[in-house]
Amino acid sequence: MNQISNRMESNTIKTLPMELLHGLSQIMLQQNAITGFLFLAGIFWGSIPMGFAAITATLVGTLTARWLGYDKAEIYKGLYGFSPALVGVASLVFFKLTIMTWFVIIMGSAAAAILQHYFIRWNIPAFTFPFVLVTWICIYLIKNIIPEMMVVPLEDPLISTDTWHFVFRGYGQVIFQNSVVSGIIFLMAVLVNRPFMAIYGLVASLIGVSIAIYYLGDKQSAVVGLWGFNAVLCAIAFAGKKVSDGVWALISVTISLVVTWIMMHFGLVQLTFPFVFSACLVTYIKKYFESRIKDASSA
């Protein structure tokens, strides 16, 4: 019995690195250890504390799923790592780097993993909504209870306004990175696993930037990639080789940009909510039309 128990513990330890890397890669709907490693490298390039926050949060989310006995296949796929990872990185965007912030990261990551589990059980395509919900709650509580923990944002960050940079920052902001290099690393990370998705995301980021600059005149937000990251996620979610895939991706990107504009107009913290809202809505519409076409063809 002891030998069997030791083997099980050994296998559990061996699979943990893969679970963590898959969890990181699932931030952009991938399941690839190399992709996860490159995402982590891109985060560290942009911010060393955020890199450690991403590792810590992904580990906490994964271990929480293990401790609560969630499905091993789901854990291995990284389904309990990506929302916690985003909670970890986002915490260092909004909160000052203190011991209390690390406590928030640990508790928030565990909560995000638990929420993810229930969305999976209820068969609801929540995408990154557990991350969004947990982070919104943390921001609200800390702003009202410990306001001195909040980071004071810079109004005019010193960032290059070279047009070609904008597209890559759209990729970078998916994981809260302003660095062009981080954005390029993230693009390469998706390209390694799913080239079509990488290209779709690049085009979507360009669409978001173009609309922000040429139609809305919001160059400042476009410069830092705030009009690109939700569009990138939408495009990746519906990417495919069929013409219809391109249509669904374009619809999703368009909806996400409208939601982004609304949230920015009212000064709301958007995170990846525009992506979640758009992807869920388009997924429902797509399933509805596909079922109608199927019924019509079988009639």
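What counts, and at which threshold
- Residues numbered from 1 in each chain as written.
- Predicted model: local features only at pLDDT ≥ 70, side-chain atom pairs only at ≥ 80, totals over all residues.
- Heavy atoms only, no water.
- Helix = DSSP H or I, 4+ residues; strand = E, 2+ residues; numbered from the N terminus.
- Rg over C-alpha atoms; globule rule 2.2 N^0.38 Å.
- Buried < 20%, exposed > 50% of the residue type's maximum accessible area, 1.4 Å probe, protein only.
- Contact = heavy atoms within 4.5 Å.
- Areas by Shrake-Rupley, 256 points an atom, 1.4 Å probe, with all protein chains shown as cover.
- Polar contact = N/O pair within 3.5 Å; in protein donor to acceptor, adjacent residues only side chain to side chain.
- Expected span 1.5 Å × (residues − 1).
- Core = buried A, V, L, I, M, F, W, Y, C linked by side-chain atoms within 4.5 Å.
- Axes fitted to C-alpha atoms, helices over the stretch in contact; angles between N-to-C directions.
- Left-handed = near helix turned anticlockwise from the far one by under 90°.
- Nonpolar A, V, L, I, M, F, W, Y, C, P; charged D, E, K, R; others polar.
- Patch = residues over 30% accessible without salt bridge, like charges linked within 9 Å, V, L, I, M, F, W, Y side chains within 5 Å.
- Salt bridge = Lys/Arg side-chain N within 4 Å of Asp/Glu carboxyl O.

### A few points about the overall build of the protein chain
Along the protein chain, the regular secondary structure elements total 14 helices and 0 strands. Put simply, the protein chain runs from its N terminus to its C terminus through helices and strands in the order α-α-α-α-α-α-α-α-α-α-α-α-α-α. Taken over the C-alpha trace, the protein chain has a radius of gyration of 19 Å; the compact-globule value for 299 residues is 19 Å, and the two agree within 12%. Along the first, second and third principal axes, the C-alpha atoms of the protein chain reach 65 × 65 × 35 Å. Counting every position in the protein chain, which comprises 299 residues, the buried fraction comes to 48%. Long-range pairs, those at least 24 residues apart, make up 71% of the contacts in the protein chain with a sequence separation of at least 6. About 15,100 Å² of surface is accessible on the protein chain, with carbon and sulfur atoms providing 69% of the total.

### Some remarks on the side chain of T260
Note on placement: T260 falls in helix α13 (residues 243–265). In this structure T260 comes out as buried when scored by relative accessible area, which is 2%. Side chain to side chain, T260 and Q270 meet in a polar contact 3.5 Å long. In this structure T260 touches L226, W227, N230, Q270 and P274, once residues within four positions along its chain are discounted.

### Comments concerning helix α9 (residues 180–193)
Between its terminal C-alpha atoms α9 stretches 21 Å, which fits the 20 Å expected from 14 residues at 1.5 Å a residue. The complete set of buried residues in α9 reads V180, S182, G183, I185, F186, L187, A189 and V190. Two to three positions downstream of the cap, the backbone nitrogen of V181 sits 3.2 Å from a side-chain oxygen, assigning the N-cap of α9 to S179.

### Details of the environment of Q30
Locating Q30 in the fold gives a position in the loop between α1 (2–25) and α2 (33–46). Owing to a relative accessible area of 1%, Q30 belongs among the buried residues under this scheme. Sequence separation of Q30 and A189 is 159 residues, and the distance between their C-alpha atoms is 9.4 Å. Those residues in contact with Q30 that sit more than four places away from it in its chain are H22, S25, T35, V190, N193, R194, M197 and I236.

### Focus on the nonpolar core
Core analysis: the largest hydrophobic core is formed by 76 residues, its most contacted members being I27, M28, F95, F131, Y171, V174 and I175. Judged by nonpolar contacts, the second largest core, of 5 residues, contains A65, Y70, I75 and A113.

### Some words on the packing of α13 against helix α14 (residues 273–298)
Viewed as axis vectors pointing N to C, α13 and α14 meet at an angle of 145 degrees, and their least axial separation amounts to 8 Å. For the element pair α13 and α14, the recorded crossing hand is right-handed. Contacts between α13 and α14 involve D245, W248, I251, S252, V253, I255, S256, V259, T260 and M263 from the first element and F273, P274, F275, F277, S278, A279, L281, V282, I285, K286 and F289 from the second. Counted by class, the contact of α13 with α14 contains 15 nonpolar, 4 polar and 2 charged residues.

### Details of a nonpolar patch on the surface
A grouping of I211, Y214, Y215, L216, V258, W261, I262, F266 and L268 is seen on the molecular surface, where their side chains present a nonpolar patch of about 1,000 Å² in accessible area. For the nonpolar patch, the secondary-structure elements that each account for two or more residues are α10 (195–215) and α13. Position of V258 relative to the elements: it lies in helix α13. Owing to a relative accessible area of 46%, V258 belongs among the partly exposed residues under this scheme.

### Focus: the packing of helix α6 (residues 99–121) against helix α7 (residues 129–145)
α7 packs onto α6 with a crossing angle of 140 degrees between their chain directions and a minimal axis gap of 8 Å. Note that α6 runs across α7; the crossing there is right-handed. Across the interface between the two elements, V104, G108, A111, A112, L115, Q116 and F119 of α6 pack against F129, P130, L133, V134, C138 and I142 of α7.

### Thoughts on the pattern of salt bridges
This structure, assessed with the given rule, holds 2 salt bridges. In this structure, R66 and E19 form a salt bridge, with 2.8 Å as the shortest nitrogen-oxygen distance. In this pair, R66 is assigned in helix α3 (residues 48–67) and E19 in helix α1, connecting sequence segments 47 residues apart. Taking relative accessible area as the criterion, R66 reaches 23% and is therefore assigned partly exposed. What makes E19 buried here is its relative accessible area of 6%.

### Observations concerning the environment of I251
Here I251 shows up in helix α13. C-alpha separation for the pair I251 and A279, spaced 28 residues apart in sequence, amounts to 9.5 Å.

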